[in-house]
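Chain residues, written in single-letter form:
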Amino acid sequence: MNAVTILGSPRKDGNTARVLGWVEDELRTGGHGVERITIADHRIEGCRGCYTCQGVEDDPGCAETDDDAGMLFKKLLPSEPILIATPLFVWGYPGQLKLFLDRWFCLVKFHGFSEPISLARGKRIGLLVTAAGERRGNVDLLLPPFREMVNFLMARNAGELVIPRCTTPDALGKDVETRAREFARELVG
Ligand SMILES: Cc1cc2nc3c(=O)[nH]c(=O)nc-3n(C[C@H](O)[C@H](O)[C@H](O)COP(=O)(O)O)c2cc1C
């Protein structure tokens with residue numbers, strides 16, 4: 001498979017990047033292609049809420065063409081699995097990543113067609129989250145929006161890896177690396 005991973009942290013060498021690196025290494029060891037999108041390297045505007053995309057059947061069709069989102073969709077759409085790797089920021093996604101995820105709205109066409117059409121139908125999508133705090137009542141809050149988005153896309157939840165109580169990348173233990181590698185195999189299983 002050819003995976004695309006999305007690093008949503010503004011820190012390119014932080015906790016999320018360290019765990020993601022283990023996942024990517026395991027995917028490559030398993031013979032899979034991996035391309036990483038680092039959100040911090042791209043300019044992504046917010047969704048305008050104009051619904052222009054809803055009139056375009058076989059393409060994202062977003063009216064915002066003056067940023068990198070269209071180019072990133074060209075990488076995402078032929079790829080599988082897609083892994084969203086993110087730190088927890090104020091019980092949600094970092095703003096930079098959220099802007100991009102809002103734009104995925106254009107991948108589902110639910111206006112004017114007899115049945116909704118999804119350009120991501122059946123695609124495996126996974127989530128990796130790191131956080132400083134606990135899982136319960138903290139990271140858990142990010143999981144329902146992720147799952148709803150996967151449902152909305154008519155995609156498939158390929159797995160969720162939650163790494164709570166993070167401090168520094170170097171303090172992430174061997175057990176986290178082992179879990180990251182197991183998770184990589186789950187993503188393509
Ligand atoms: C702006 C900001 C908001 C944060 N909000 C939370 C939070 O709500 N819950 C939590 O447990 N950790 C929170 N954290 C801590 C990060 O999620 C944690 O340190 C994470 O592992 C950082 O990943 P990174 O090094 O890849 O950026 C926050 C950190 C920042 C900078």
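Scroll up a little and you will see the structure.
Let us look at the structure shown here. By convention here, each chain's residues receive numbers from 1 onward along its written sequence. With the structure being a predicted model, the display of local features is reserved for residues of pLDDT at least 70 and the display and counting of side-chain atom pairs for 80 or more, all residues being used for whole-chain, interface and lining totals. Hydrogens are left out, water is left out, and the side-chain values use all remaining heavy atoms of the structure.

### Observations regarding the nonpolar core
Okay, step 1: Side-chain atoms within 4.5 Å link the members of a nonpolar core, which is a set of buried Ala, Val, Leu, Ile, Met, Phe, Trp, Tyr and Cys residues. Buried residues are those whose accessible area, probed at 1.4 Å on protein chains only, stays under 20% of the maximum for their type, while exposed residues exceed 50% and partly exposed ones sit between those limits. One finds I6, L76, I84, F100, W104, I125 and L153 to be the most contacted residues of the largest nonpolar core, which totals 35 residues.
Okay, step 2: Residue assignment for this core shows that the elements contributing at least two residues are β1 (2-7), α2 (69-76), β3 (82-87), α3 (95-103), β6 (124-130) and α4 (143-152).
Okay, step 3: The contact rule is simple, with two residues in contact once any of their heavy atoms fall within 4.5 Å. If we skip the residues at most four places from it in the chain, F100 touches I6, I39, I44, A69, L72, F73 and L76.
Okay, step 4: By size, the runner-up hydrophobic cluster in this structure holds 23 residues, among which are A3, L7, A85 and F183. Only DSSP runs of H or I with at least four residues qualify as helices, and only runs of E with at least two residues qualify as strands; both kinds are numbered from the N terminus onward.

### Quick notes on the packing of aromatic side chains
For any pair of aromatic rings, geometry is given as the distance between the ring centres together with the angle between the planes.
Okay, step 1: Under the pairing criterion, centres of Phe, Tyr and Trp rings, with the six-membered ring standing for Trp, must be within 6.5 Å; the plane angle then separates stacked pairs below 30 degrees from edge-to-face pairs above 60, leaving the rest tilted. Evaluation of the coordinates by the stated rule reveals six aromatic pairs.
Okay, step 2: Seen in terms of ring centroids, F100 and W104 are 5.8 Å apart; in terms of plane orientation they differ by 90°. Their pairing is edge-to-face. Exposure class is identical for F100 and W104. Each is buried.
Okay, step 3: Taking 5.9 Å as the distance between ring centres and 15° as the angle between the ring planes, the aromatic pair formed by F105 and F152 counts as stacked.

### A few points about the site of the ligand
Okay, step 1: Around the ligand, 16 residues are found, and the nearest of them are S9, R11, T16, L88 and N138.
Okay, step 2: One nitrogen or oxygen atom from the main chain of W91 is found 3.0 Å from an oxygen atom belonging to the ligand.
Okay, step 3: Contact with the protein chains removes 73% of the 640 Å² of surface that the ligand exposes when unbound.
Okay, step 4: Residue type decides the class: Asp, Glu, Lys and Arg count as charged, Ala, Val, Leu, Ile, Met, Phe, Trp, Tyr, Cys and Pro as nonpolar, and the leftover types, Gly among them, as polar. Looking at the shell around the ligand residue by residue, the class counts come to eight nonpolar, seven polar and one charged. If even one non-hydrogen atom of a residue comes within 4 Å of a molecule or strand, that residue is called near it. In protein, a polar contact means a hydrogen-donor-capable atom and an acceptor-capable atom, both N or O and within 3.5 Å, with residues adjacent in sequence counting only if both atoms are side-chain atoms; elsewhere, any N or O pair within 3.5 Å suffices. Computed with a 1.4 Å probe, the accessible areas rest on the Shrake-Rupley method; for each residue, only the protein chains presented here act as cover.

### Brief notes about the state of the cysteines
Okay, step 1: Disulfides are defined as cysteine sulfur pairs within 2.5 Å. Per the counting criterion, the structure on display carries zero disulfides.
Okay, step 2: Unpaired in this structure, C47 has its nearest cysteine sulfur neighbour in C62, at a distance of 6.6 Å.
Okay, step 3: C47 sits in the partly exposed class, given a relative accessible area of 43%.
Okay, step 4: In this structure C53 is not part of a disulfide, and its nearest cysteine sulfur, from C106, lies 5.4 Å away.

### With respect to the pairing of β3
Okay, step 1: Taking burial as the measure, the six residues of β3 include six buried ones, the bulk of the element.
Okay, step 2: The side-chain alternation of β3 yields two buried faces, one formed by I82, I84 and T86 and the other by L83, A85 and P87.
Okay, step 3: When DSSP finds two or more bridges between a pair of strands, those strands are recorded as paired. Examined bridge by bridge, β1 and β3 share four bridges and lie parallel to one another. Of the residues in β3, the one forming a bridge with T5 is L83.
Okay, step 4: Note that β3 and β6 share six bridges and pair parallel. Bridged to I84 within β6 is L127.

### Focus: unusual backbone geometry
Okay, step 1: A cis geometry characterises the amide bond from E80 onward to P81, with omega recorded as -5°.
Okay, step 2: Note on placement: P81 falls in the loop between α2 and β3.
Okay, step 3: Positive phi values are uncommon outside glycine, yet V90 reaches one of about 50°.
Okay, step 4: Residue position: V90 is located in the loop between β3 and α3.
Okay, step 5: The backbone of R165 shows a phi angle near 55°, a positive value even though the residue is not glycine.
Okay, step 6: R165 gets classed as exposed once you look at its relative accessible area, which sits at 55%.

Treat this as a map of the structure, not an account of what it does.
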